[in-house]
Amino acid sequence: MDDGRNSRLRSASDRELANTLRERFADLNWEDEKARRDLFEQYKKWMRPAYLEWFRAVGSKYADEELQNDINNFMKQYDKIKKTIENAGAVHVNIQI
């Protein structure tokens, strides 16, 4: 009988998922807001089972908050890199991350 834990544990240690996430983030056009939103929604779907397992004792609210914190941190890092490049005046630099 599968109580859901197998799928949660699988997503937490799935190398294929990790590679897919790396590829999707590497290929993302960060300037395309819709593409970012779509990827972040997919990220939440892929990662939520692992976060639910991690926060099993305290509930799904914390898993969802932590997923949103991840996304906020991704955007902060991108914004910081973008501003650094813009301040350097290096318009010829490809800032795709």
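Source: prediction; values computed, not measured. Residue numbers here run from 1 along each chain, matching the order of that chain's written sequence. In keeping with the predicted nature of the model, local features appear solely for residues at pLDDT of at least 70, side-chain atom pairs appear and are counted solely at 80 or more, and the whole-chain, interface and lining totals rest on all residues. Side-chain descriptors were evaluated using all non-hydrogen atoms of the structure, hydrogens and water having been removed beforehand.

## A word on the overall build of the protein chain
Inference 1: A count of helical and extended segments in the protein chain gives four helices and zero strands.
Inference 2: In this description a helix means any DSSP run of H or I spanning at least four residues, a strand means any run of E spanning at least two, and both kinds are numbered starting from the N terminus. Moving toward the C terminus, one meets the helices and strands of the protein chain in the order α-α-α-α.
Inference 3: Exposed residues in this analysis have more than 50% of their type's maximum accessible area, buried residues have under 20%, and partly exposed residues fall in between, with area computed by a 1.4 Å probe over protein chains only. Considering the protein chain as a whole, with its 97 residues, one finds that 23% of them fall into the buried category.
Inference 4: Note on definitions: a residue-residue contact is assigned when non-hydrogen atoms from the two residues lie within 4.5 Å. In the protein chain, the proportion of contacts linking residues at least 24 apart, taken out of those at least 6 apart, comes to 54%.
Inference 5: Surface exposure here means Shrake-Rupley accessible area, sampled with a 1.4 Å probe, where a residue is shielded only by the protein chains that are shown. Looking at the protein chain as shown, the accessible area adds up to about 7200 Å², and 49% of this sits on carbon and sulfur atoms.

## Considering the pattern of salt bridges
Close approach of charged atoms allows side chains of opposite charge to pair.
Inference 1: We count a salt bridge whenever a side-chain nitrogen from Lys or Arg sits within 4 Å of a carboxyl oxygen from Asp or Glu. Applying the stated criterion across every chain yields a total of seven salt bridges.
Inference 2: Residue Glu41 pairs with Lys44 through a salt bridge whose shortest N-O separation is 3.4 Å. Of this pair, Glu41 and Lys44 both sit in helix 3 (residues 33-54), three residues apart, roughly one helical turn.
Inference 3: Take Glu41: its relative accessible area is 43%, and that puts it in the partly exposed class.

## Considerations on the confidence of the model for the protein chain
Inference 1: Across the protein chain, pLDDT averages 81, with 77% of residues at or above 70.
Inference 2: Ranking the elements of the protein chain by mean pLDDT puts helix 1 (residues 5-13) last, at 50, and helix 3 first, at 91.
Inference 3: Per-residue confidence from the prediction method is given by pLDDT, with values spanning 0 to 100. Taken together, the stretch residues 1-5 has pLDDT below 50 and engages in three contacts with residues farther than four places along the chain or on a different chain.

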